[in-house]
Amino acid sequence: MSAETATTLTPSPVQWRARLRGIIPAITLVASRGGGIAVQFLVQVVVGALAGAAGLGVLQLFTSWSCLLGETLARGQPARAMRVVAVNYSEGNGDWIKTDLQRAAGRILRAAAGLAVLAAIAFVVGRDLLTNGGLADYGKIAMAVVIAAPLFALLRLGSEALKGANAPLAAITLENLVMPGIILLVCAVCWLTDQPVPTVILLAAGLAGFAATSLWLWIALDRRLNLLPGQGDAPRFLPPRDDCDLRALWANSVLGIAFLHLPFLVLPWYSGPAEIGVYAVAHKLVNIITMLLLLMASVFGPLFARAAAEGDREELRALLWRTQWLSSVVFFPMMLVLLLAGGPLSGLFSLPGDTLQPYLLVLAAGHCVNAATGLSGVLLNMAGGAGLELKTLLGSILFAVLLAPLIGPAHGALGLACLFSGSLAGKNLASYAAARYYLRKSTGDRS
């Protein structure tokens, strides 16, 4: 090998610095998400110590139902915002983006006003039922959810728009750290003043967390949009019409959250608390890895939207392939480490014997397919194929719900874990096939 060839193959200091600058944003995103996961686990530990299992249950119900109802109120506007902002931000259409986001926020607030009227009627009719001793806590949770849902919807709108404006790190950091930080602060004050942490305090902390996160996200977004020159070229939309699949985006968002929480909606009907506890631990451990994979959606979502706006199907194929190999590189080594650590982890969480290992193996199998197929669903949502993604999601949910009554009584929590893992794998395979079909159909390429 000649000296010139060796010099060419060996990166120079300038090239090394350029490569490091290229990976620093990815490392920072992972660190932000990792910190968020750590803080969320700390919240579980602290709330459990101060408020017991009941406090953890209250917080979980409040968070789950606020997210589900909030996504319903959002009416698909957050996913639409990422697509539209990603395309128009690069062209300097700051004033138009602000106007469009204000219009989207107005739609959410009008839906929230309708919800408030219905909730007020429901509370008046069921006041006696919701104020007796047995259901008092559920009444408080329901009232808090009605207030939190529009806050969560606005939070999602601001977060997705901020990601579309090339600021995924700010969006993810605020989403992950603000609410847990406020809950920990409230718990610390209660502990220092030797006060209990009743349901009302936990719900107030959760509401404050949603409100603060939403406000902070919108401030960060406004500052970023103010850096644009104002009005650039004419506003651009995704063909054939920007809102052509808004209902599908809306349904995908709502059903996606329902699919995420489906195991814990079905398991109590067929399994005891001990089995559900083991499943929950395995689910949280595997989600540590899968949540890291979701970081890529914040980065690749805008890239998909821009490539679709340009009609560049080859770029969409290349981006999808990149998400597949990046997901695999992240997931498979980390999952192997987690599986090898199954025994010690059972002891750490005070689980009997090796009960955790089978659940880890089952859930890992389903998520392996998730990693191997990349961000197929995100591509469909961002490129105008949300209707296809909706069909795959509906089919997977129906598959799991219809088979649960047959598998649950006979095989318990582990059998249901196999069902949910299989439905997840099937959903991701269907999304990948749908994405490939959508790209071939758009170009007439049958290869």
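Residues numbered from 1 in each chain as written. Predicted model: local features only at pLDDT ≥ 70, side-chain atom pairs only at ≥ 80, totals over all residues. Heavy atoms only, no water.

*Asks:* Quick rundown of the overall build of the protein chain? Include the residues and the values.
*Replies:* Scanning the protein chain from terminus to terminus reveals 15 helices and 0 strands. Burial status across the protein chain gives 46% buried among its 447 residues. Across the protein chain, the fraction of contacts at a sequence separation of at least 24, relative to all contacts at a separation of at least 6, is 83%. Within the structure as shown, the protein chain displays about 21100 Å² of accessible surface, and the carbon and sulfur contribution to it stands at 70%. (Helix = DSSP H or I, 4+ residues; strand = E, 2+ residues; numbered from the N terminus. Buried < 20%, exposed > 50% of the residue type's maximum accessible area, 1.4 Å probe, protein only. Contact = heavy atoms within 4.5 Å. Areas by Shrake-Rupley, 256 points an atom, 1.4 Å probe, with all protein chains shown as cover.)

*Asks:* For the nonpolar core, give the residues involved together with the corresponding values.
*Replies:* Proteins that are soluble and globular tend to have nonpolar side chains buried together. If you look at the biggest cluster of nonpolar residues, it comprises 55 residues, and the most contacted ones within it are Phe62, Leu101 and Ile183. No other element matches helix H6 (residues 136-164), which puts 13 residues into this core. In this structure, leucine 101 is in contact with Ala81, Val85, Leu157, Ala161, Trp218, Leu221 and Leu225, ignoring residues within four places of it in sequence. Ranked by size, the runner-up nonpolar core spans 33 residues in total, among them Val278, Leu339, Ala371 and Leu419. (Core = buried A, V, L, I, M, F, W, Y, C linked by side-chain atoms within 4.5 Å.)

*Asks:* Describe the packing of aromatic side chains, naming the residues involved and giving the relevant values.
*Replies:* This model, assessed by the stated rule, comprises 4 aromatic pairs. Note on phenylalanine 152 and phenylalanine 210: the rings are 5.8 Å apart at their centroids and 75° apart in plane angle, and the pair reads as edge-to-face. Here phenylalanine 152 is found in helix H6, whereas its partner phenylalanine 210 is found in helix H8 (residues 199-225), with 58 residues between them in sequence. As far as the burial class goes, phenylalanine 152 and phenylalanine 210 line up, both buried. Aromatic pair phenylalanine 300 and phenylalanine 304: ring centres 6.3 Å apart, planes at 40°, arrangement tilted. Remark: phenylalanine 304 and phenylalanine 300 occur in helix H10 (residues 273-309); sequence separation between them is 4 residues, near one turn of the helix. (Phe/Tyr/Trp six-rings, centres within 6.5 Å; stacked < 30°, edge-to-face > 60°.)

*Asks:* Summarise the state of the cysteines; cite the residues concerned and give the values.
*Replies:* With the rule as written, the count across this model stands at 0 disulfides. Free cysteine cysteine 190: the closest other cysteine sulfur is in cysteine 187, separated by 6.4 Å. (Disulfide = S-S within 2.5 Å.)

*Asks:* Lay out a nonpolar patch on the surface in plain terms, naming residues and giving numbers.
*Replies:* There is a patch of nonpolar side chains on the surface, built from Leu61, Trp65, Tyr138 and Leu265 and spanning about 420 Å² of accessible area. Note on placement: leucine 265 falls in helix H9 (residues 246-266). Looking at leucine 265, the relative accessible area reads 47%, which means it is partly exposed. (Patch = residues over 30% accessible without salt bridge, like charges linked within 9 Å, V, L, I, M, F, W, Y side chains within 5 Å. Salt bridge = Lys/Arg side-chain N within 4 Å of Asp/Glu carboxyl O.)

*Asks:* Describe the environment of alanine 258, and please don't skip the residues or the numbers.
*Replies:* Among the structural elements, alanine 258 can be located in helix H9. You can call alanine 258 partly exposed: its relative accessible area is 23%.

*Asks:* Any details on the pattern of salt bridges? Residues and values, ideally.
*Replies:* Applying the stated criterion to the full structure yields 9 salt bridges. Aspartate 222 is paired through a salt bridge with lysine 98; the nearest N and O atoms lie 3.7 Å apart. Here aspartate 222 is found in helix H8, whereas its partner lysine 98 is found in helix H4 (residues 94-125), with 124 residues between them in sequence. You can call aspartate 222 partly exposed: its relative accessible area is 36%. With a shortest N-O distance of 3.1 Å, glutamate 160 and arginine 156 are connected by a salt bridge. Placement of the pair is glutamate 160 and arginine 156 together in helix H6, with a separation of 4 residues, close to one helical turn. Take glutamate 160 and arginine 156: they sit in the same class, and that class is buried. Overlapping salt bridges bring together Glu71, Arg156, Glu160, Lys163 and Glu175 as one network.

*Asks:* Give a description of the packing of helix H11 (residues 313-340) against helix H13 (residues 356-372) that names residues and reports values.
*Replies:* Viewed as axis vectors pointing N to C, H11 and H13 meet at an angle of 170°, and their least axial separation amounts to 9 Å. When the axes of H11 and H13 are compared, the pair comes out roughly antiparallel. Here H11 contributes Gln324, Ser327, Ser328, Phe331, Phe332, Met335, Leu338 and Leu339 to the contact with H13, which in turn contributes Gln357, Leu360, Leu361, Ala364, His367, Cys368, Ala371 and Ala372. Its residues assigned to classes, the contact of H11 with H13 comprises 11 nonpolar, 5 polar and no charged. (Axes fitted to C-alpha atoms, helices over the stretch in contact; angles between N-to-C directions. Parallel < 35°, antiparallel > 145°, perpendicular 65-115°, else oblique. Nonpolar A, V, L, I, M, F, W, Y, C, P; charged D, E, K, R; others polar.)

*Asks:* Give me the lowdown on the packing of H11 against helix H14 (residues 376-383), citing residues and values where you can.
*Replies:* Their axes nearest at 10 Å, the elements H11 and H14 cross at an angle of 155°. One element, H11, and the other, H14, form an angle in the roughly antiparallel class. For the element pair H11 and H14, the recorded crossing hand is right-handed. Each of Arg313, Leu316 and Leu320 in H11 lies in contact with H14, whose residues at this interface are Ser376, Leu379 and Ala383. Looking at the contact of H11 with H14 residue by residue, the class counts come to 4 nonpolar, 1 polar and 1 charged. (Left-handed = near helix turned anticlockwise from the far one by under 90°.)

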